[in-house]
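Letter by letter, the chains look like this.
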Amino acid sequence: MLRLSIINLLLVGILLLNLFMLGTSRIRALIQAAALQGVVLGVMPLLIAGYGTWTTGLIAIGTVALKGSVIPQMLRRALREAQIKREVEPLIGFVPTMLLGALGTLLSIAFASGLPLEPQHRELLIVPASFSTVVTGFLLLTTRIKAITQVIGYLVLENGIFIFGMLLVEAMPFLVEIGILLDLFVGIFVVSIIIHHINREFASLDTRLLASLKE
Amino acid sequence: MLLLALIASPVLAAGVAAALASESLRPYVLPAAAAGHLALSLVALSASNPSSLGGWLALDPPGRLVLLLLSVLFLICSIYVVGYLRYRRELSNRVFVPCLLLFLGMTTLVVCSQHVGLMWVAVEASTLATAPLIYFNRTPRSIEATWKYLLVGSVGIALALLGSFVLAYASLGDDPSLLFGDLLRRANRMNPSWLRVAFALLLVGYGTKMGLAPMHTWKPDAYGEAPGVVGALLAGGMTSCAFLALLRVFRICQAGGEGAYASRLLVVFGLLSIAVAAIFMLGQRDFKRMLAYSSIEHMGILVLGVGLGGYGIFAALLHMLNNGLTKGVLFLSAANIHRAFDSKSIDEVRGAMRRVPLSGTLFLFGFLAITGSPPFGPFVSEFLIVSRAFAADRFFVGGGLLLLLLVVFAGMGRTVLPMLQGQPSPEAERTSYHDGLLTGLPLVISMAIVLLFGLHIPSPIEALLRDAAAYLEMIPGAR
């Protein structure tokens, strides 16, 4: 029972981090929050599986290293090079996006309650936490104008998917999970290259400058 | 082994191309690798049931069709690229050529994957391989296009991953296999609510890769800024692979008893895509962006055909072949016109027929074909889809489709015809581009196949089509 309570506590923590990310204007804090979320997610497979084989351990270490350290480092470097500190003028204000995020969380909980779960997952908040995190990522992607904030939005979306993956951590082969981690890394790698190029070409990471292509 | 070789050979060729030091020799790796790929594909198509890696790699009947399309289209494009790159000597092709080959390898992997997770990884890998292709011109506009392509594409693929997870959870039981064959057998024990969520997520995810509205926003930018040959490969190859992924998921949904729900979604997304494309095609002044909207329209027609069921599925598969090859002609001839005028706006391009007669004529034929004029292939497949709508008593769907096709014809015609007719204006400078063998012949071959499909579908192709349609309609153990 204690194990389940700890997992649910961590999931609630993730939900709170979601709201914090929607409310903050400081990009550094946003990166920090996304990194913290990544670390929490990294240890979760160990708690869910309830035992530590060397593959689960490896996945945990890999996730914590990638989501908690490597990717945030890359983002911070991009931030330094672009010399930006905060997201000003989001397309929708910080408070309204927070409210939207809260609404998304409520809807996720309502939606998830209609979906049947395996007995061992019924006590857990995995499905609502997953959907709510996906919604948070989506909101960050669509309402922020800095390229770097949009990348963080994508990372948060990935976090939401990772949470859903917890439901499968016992049953599914690890090959798929490792493939996903690799893919995440490659995706971020390419995105960071793009950030680099956008920065060099436009001297800014403001995606509103990327608006010459439209109808 | 055969399938492994099919996937590995382009990847190895990419390595060779990356290692070659000579800028002028490197493009020749492409036709060589493409010819090898087509030869291996034909061997694989004639083999009864090739499979590798314990069933993770196999060719299902719809996969056979897509493999053939992909291989032929890539060969056509690879010959063209050799000619194209001679006009772009100022840019290094050190990344471009290997990435084209990686694209072929990864899309072949999508076609051969019989595992939900592996197929997803392959779609993601082919997206990453194509991003540097869109960035080939190294202009601020191409960065913008690449950025949108990667961001929107990654979000779509991420949602497809979530959909794959949901599908896996729906199928959870004593057997954890995620092979499509095993999923199909267990489909009637899957929970319908989870199955619905899975299909919706996978439709949005792979639909983003196809470019269905409203997830199409990357498409006009990417196709507009990328070299024409990349547009041809994306619009004919990548989208067909994403369509194949969707078909496989649709089949599981049908076997799980949610076929009606899935079909409804497909019809809605299909009609919406055609409508959005028709609206944006009216008054479009950039002819490469116009082709992107045409691609969105035809992706809509594909999923609409599948959603209508019955012989609509056969028609959609035929239309996939027709669309892929016609898009090849259109994008490549548009690229030639772009090269000859150094502009892709119809405000500056006039009299293309006089300046580049071959490309102009092929562009005109391509336009007539893609808008469904006889005697070209797309006429047959579009006619079948419209008639299926009326045969299934879906009068509003059929009527709406006809109306939208008419709008598209008018919209495209208003962009295409002024480009081709008249005299090139004096200020539109003559560039060094002339229609040549390498940039002309591949298009002629592609156009000839499209014409052939309109007059008579060769019996081996028809057999492949019938097998694939039957495979998608006959679901073992459906409830």
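See the structure above.
Right, let's walk through the structure included here. (Residues numbered from 1 in each chain as written. Chains lettered and ligands numbered in written order. Predicted model: local features only at pLDDT ≥ 70, side-chain atom pairs only at ≥ 80, totals over all residues.)

Observations concerning the overall build of chain B
Part 1 of the reasoning: Of the regular secondary structure elements, chain B holds 19 helices and two strands.
Part 2 of the reasoning: Computed over C-alpha atoms, the radius of gyration of chain B comes to 21 Å, within 12% of the 23 Å expected from 2.2 N^0.38 for 479 residues, which places it in the range of a compact globule.
Part 3 of the reasoning: The principal-axis extent of the C-alpha atoms belonging to chain B is close to 70 × 55 × 45 Å.
Part 4 of the reasoning: Counting every position in chain B, which comprises 479 residues, the buried fraction comes to 63%.
Part 5 of the reasoning: Considering only intrachain contacts with a sequence separation of at least 6, the fraction spanning at least 24 residues in chain B is 82%. (Helix = DSSP H or I, 4+ residues; strand = E, 2+ residues; numbered from the N terminus. Rg over C-alpha atoms; globule rule 2.2 N^0.38 Å. Buried ≥ 20, exposed ≤ 12 C-beta atoms within 10 Å, placed from the backbone. Contact = placed C-beta atoms within 7 Å.)

Considerations on the overall build of chain A
Part 1 of the reasoning: Along chain A, the regular secondary structure elements total seven helices and zero strands.
Part 2 of the reasoning: Beginning at the N terminus, the succession of helices and strands in chain A can be written as α-α-α-α-α-α-α.
Part 3 of the reasoning: Among the 215 residues that make up chain A, the fraction classed as buried is 42%.
Part 4 of the reasoning: Of the contacts formed within chain A by residues at least 6 apart in sequence, a portion of 76% connects residues at least 24 apart.

Considerations on unusual backbone geometry
Residue and element names in this part refer to chain B.
Part 1 of the reasoning: Pro214 follows Ala213 through a cis peptide bond whose omega is 0 degrees.
Part 2 of the reasoning: Non-glycine residue Asp342 carries a positive phi angle of around 55 degrees.
Part 3 of the reasoning: Counting through the fold element by element, Asp342 comes out in the loop between helix H13 (311-341) and helix H14 (352-355).
Part 4 of the reasoning: According to the C-beta neighbour criterion, Asp342 is partly exposed, with 14 such atoms within 10 Å.
Part 5 of the reasoning: Backbone geometry places Asp393, a non-glycine residue, at a positive phi of 60 degrees.
Part 6 of the reasoning: Residue placement: Asp393 occurs in the loop between helix H16 (377-391) and helix H17 (395-420).

Describing the packing of H16 of chain B against helix H18 (residues 437-455) of chain B
Residue and element names in this part refer to chain B.
Part 1 of the reasoning: Closest axis-to-axis distance for the H16/H18 pair is 6 Å, and the angle between their directions is 45 degrees. On the basis of the axis angle, H16 is oblique to H18. Counted together, Gly377, Phe379 and Val380 of H16 and Val450, Phe453 and Gly454 of H18 form the full contact between these two elements.
Part 2 of the reasoning: Broken down by class, the residue content of the contact of H16 with H18 amounts to four nonpolar, two polar and no charged. (Axes fitted to C-alpha atoms, helices over the stretch in contact; angles between N-to-C directions. Parallel < 35°, antiparallel > 145°, perpendicular 65-115°, else oblique. Nonpolar A, V, L, I, M, F, W, Y, C, P; charged D, E, K, R; others polar.)

Some details on helix H6 (residues 147-165) of chain A
Part 1 of the reasoning: With 19 residues, H6 of chain A should cover 27 Å at 1.5 Å per step; its first-to-last C-alpha distance of 27 Å lies within 8% of that length.
Part 2 of the reasoning: Counting buried positions over the 19 residues of H6 of chain A gives 19, a clear majority of the element. (Expected span 1.5 Å × (residues − 1).)

So, the environment of Leu183 of chain B
Part 1 of the reasoning: Locating Leu183 of chain B in the fold gives a position in helix H7 (residues 180-186).
Part 2 of the reasoning: Filtering out sequence-adjacent residues up to four positions away, Leu183 of chain B remains in contact with Ser171, Leu178 and Ile252 of chain B.

Thoughts on helix H3 (residues 54-82) of chain A
Residues and elements named next belong to chain A.
Part 1 of the reasoning: Taking 1.5 Å of rise per residue, the 29 residues of H3 would be expected to cover 42 Å, and the 40 Å separating its terminal C-alpha atoms lies within 8% of that figure.
Part 2 of the reasoning: Those residues of H3 not exposed but buried are Ile59, Thr63, Lys67, Gly68, Ile71, Pro72, Leu75, Ala78 and Ala82.
Part 3 of the reasoning: Note on H3: the residue one or two positions beyond its end, Gln83, has a positive phi of about 55 degrees.

Describing the environment of Ser126 of chain B
Residues and elements named next belong to chain B.
Part 1 of the reasoning: Tracing the chain through its elements places Ser126 in helix H5 (residues 116-134).
Part 2 of the reasoning: Separated by 21 residues in the primary sequence, Ser126 and Gly105 place their C-alpha atoms 8.2 Å from one another.
Part 3 of the reasoning: Among all residues touching Ser126, those that are not within four sequence positions of it are Phe103, Met106, Thr107, Val110 and Met238.

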